[in-house]
Amino acid sequence: MSLSHHVSAGVMAAGARHDWTREDVRALFALPFPELMFRAASVHRENFDPTEVQISTLLSIKTGGCPEDCAYCPQAARYDTGVKAEKLMALDAVLAEARAAKESGASRFCMGAAWRSPKDRDIENVCAMVEGVRALGLETCATLGMLSGDQARRLKQSGLDYYNHNLDTSPEFYGAVITTRTYDDRLDTLAHVRDAGINVCCGGIVGMGEGVEDRVGMIATLAGLPVHPESVPINMLVAVEGTPLAASAKLDPLDFVRTIAVARICMPGSVVRLSAGREDMSAETQALCFLAGANSIFYGPKLLTTPNPGRDRDMALLDNLGMRPMA
Ligand code: SAM
Ligand code: DTB
Ligand code: SF4
């Protein structure tokens, strides 16, 4: 059975609810930690093998120079972060990275571009990359900004398996983080991706100075989508010098774990990714995230522009925990 088959079947998980109210989600966040963890771990093992983690490798195929103002992002042209604007990578260079990712054990290859939205010519270039990466036997994912319905259908035609587009936070806090596009713009792109038949990868960031109620709002919105995203990345803010969020107060790691647990309970069939922020996370916090139901990570020493744990460190961690990559 292919992984995408497995995942799609998972989203139809028995008892998956789409009517989570804010109050329901708030009540989960308010549970005593042992209760929350027990419920999350129980839901996790009803739907997945808790010893398995899905492994994706990221590549920034078009770095920096982005016109948007996302306050967390080192690739926004308007912030002085030391990230140099580059052109779209050449096809053969992307395929060489994908081959290396496959050899090191990744099952999915995610290509990220610092665009507000791609031009149709960009889409054609990315479609060629998707075809090449698929031919290597990897699942494909792309994150390119806002998409039209036509662009989503074209990407589907090239064989794209997943599209990542995050809601990032609650509808109320969103305007404090991004002003150059709206929450509804994001929901529109997600609908185009869903309608085109591409698996949806959608989550958010915590540690941006939001309150618990914003984490409640984010998860309630994700769990209220007509179909739960197949993949839900929960990122811990990587505070980058030069961005408006550089001096954000560090989030209590247990609040990050709680967010993972609530995502797991509300979206029982989704693969929940312990996403950005692992470089500065202890093995103990990561282990709690896996207990709370996280079952995917980014693997390889770099996210898009910031560091991620080296492969040796991650393999040692999984080994220590008796966990293994999902086949
Ligand atoms: N430009 C496209 C877009 O914004 O949709 C695709 C790439 S963008 C970098 C993908 C996602 O990475 C963002 O939506 C955000 O959730 C996450 N991200 C970016 N910078 C981050 C940071 N410093 N810490 C944590 N997550 C971050
Ligand atoms: C997601 O939710 N997190 C990834 C991926 N989707 C594209 C990106 C994290 C980026 C962290 C900052 C950087 O490395 O530039
Ligand atoms: Fe641009 Fe995406 Fe970064 Fe926002 S998150 S500034 S859209 S690259």
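About the cut-offs
- Residues numbered from 1 in each chain as written.
- Chains lettered and ligands numbered in written order.
- Predicted model: local features only at pLDDT ≥ 70, side-chain atom pairs only at ≥ 80, totals over all residues.
- Heavy atoms only, no water.
- Near = heavy atom within 4 Å.
- Polar contact = N/O pair within 3.5 Å; in protein donor to acceptor, adjacent residues only side chain to side chain.
- Areas by Shrake-Rupley, 256 points an atom, 1.4 Å probe, with all protein chains shown as cover.
- Core = buried A, V, L, I, M, F, W, Y, C linked by side-chain atoms within 4.5 Å.
- Buried < 20%, exposed > 50% of the residue type's maximum accessible area, 1.4 Å probe, protein only.
- Helix = DSSP H or I, 4+ residues; strand = E, 2+ residues; numbered from the N terminus.
- Contact = heavy atoms within 4.5 Å.
- Nonpolar A, V, L, I, M, F, W, Y, C, P; charged D, E, K, R; others polar.
- Salt bridge = Lys/Arg side-chain N within 4 Å of Asp/Glu carboxyl O.
- Arc of directions from axis to C-beta.

Caption draft 1: Layout of the site of ligand 2. Taken together, 13 residues form the shell around ligand 2, and within it Asn166, Asn235, Leu304, Thr305 and Thr306 come nearest. A distance of 3.2 Å is found between a nitrogen atom of ligand 2 and a side-chain nitrogen or oxygen belonging to Asn164. Separating an oxygen atom of ligand 2 from a side-chain N or O atom of Thr305 is a distance of 2.7 Å. Against a free-state accessible area of 400 Å², the protein chains account for coverage of 88% of ligand 2.

Caption draft 2: Inspection of the nonpolar core at higher detail. Membership of the largest hydrophobic core comes to 87 residues, with the highest contact counts inside it found for Tyr72, Leu144, Leu155 and Phe256. Element by element, the count of residues in this core is highest for helix 10 (residues 253-266), at eight residues. Filtering out sequence-adjacent residues up to four positions away, Leu155 remains in contact with Ile123, Val126, Cys127, Leu144, Leu147, Leu160, Tyr163 and Ile198.

Caption draft 3: Structural detail: the site of ligand 1. Taken together, 16 residues form the shell around ligand 1, and within it Tyr72, Thr143, Asn166, Asp168 and Val238 come nearest. Taking Ala113, its main chain carries an N or O atom lying 3.2 Å from a nitrogen atom of ligand 1. A distance of 2.9 Å separates a nitrogen atom of ligand 1 from a polar backbone atom of Val238. The protein chains hide 91% of the 560 Å² of surface that ligand 1 would expose on its own. Residues of the shell around ligand 1, tallied by class, amount to nine nonpolar, five polar and two charged.

Caption draft 4: Geometry of the pattern of salt bridges. As enumerated under the stated definition, the model contains 19 salt bridges in all. Among the salt bridges present, the one from Arg26 reaches Glu213, with a minimum N-O distance of 2.9 Å. Of this pair, Arg26 sits in helix 2 (residues 22-29) while Glu213 sits in helix 9 (residues 212-223), and the two are 187 residues apart along the sequence. In this structure Arg26 comes out as partly exposed when scored by relative accessible area, which is 37%. The network of salt bridges with common partners includes Arg22, Arg26, Glu172 and Glu213.

Caption draft 5: Broad picture of unusual backbone geometry. Notably, Asp168 is not glycine yet its phi reads approximately 70°, a positive angle. As for its position among the elements, Asp168 is in the loop between strand 4 (162-164) and helix 7 (171-174).

Caption draft 6: Focus on the side chain of Gln151. Mapped onto the elements, Gln151 comes out in helix 6 (residues 149-157). Gln151 gets classed as buried once you look at its relative accessible area, which sits at 8%. Excluding its chain neighbours within four sequence positions, the residues that come into contact with Gln151 are Pro118, Lys119, Asp120, Ile123 and Met146.

Caption draft 7: Seen up close, helix 6. Those residues of helix 6 not exposed but buried are Gly149, Gln151, Ala152 and Leu155. Angular distribution of buried residues about the axis of helix 6 spans 165°; they occupy a single face of the element. Seen from the open side of helix 6, the exposed residues pointing more than 90 degrees away from its buried face are Asp150 and Gln157. Positive phi appears at Gly159, one or two residues downstream of helix 6, with a value of about 105°.

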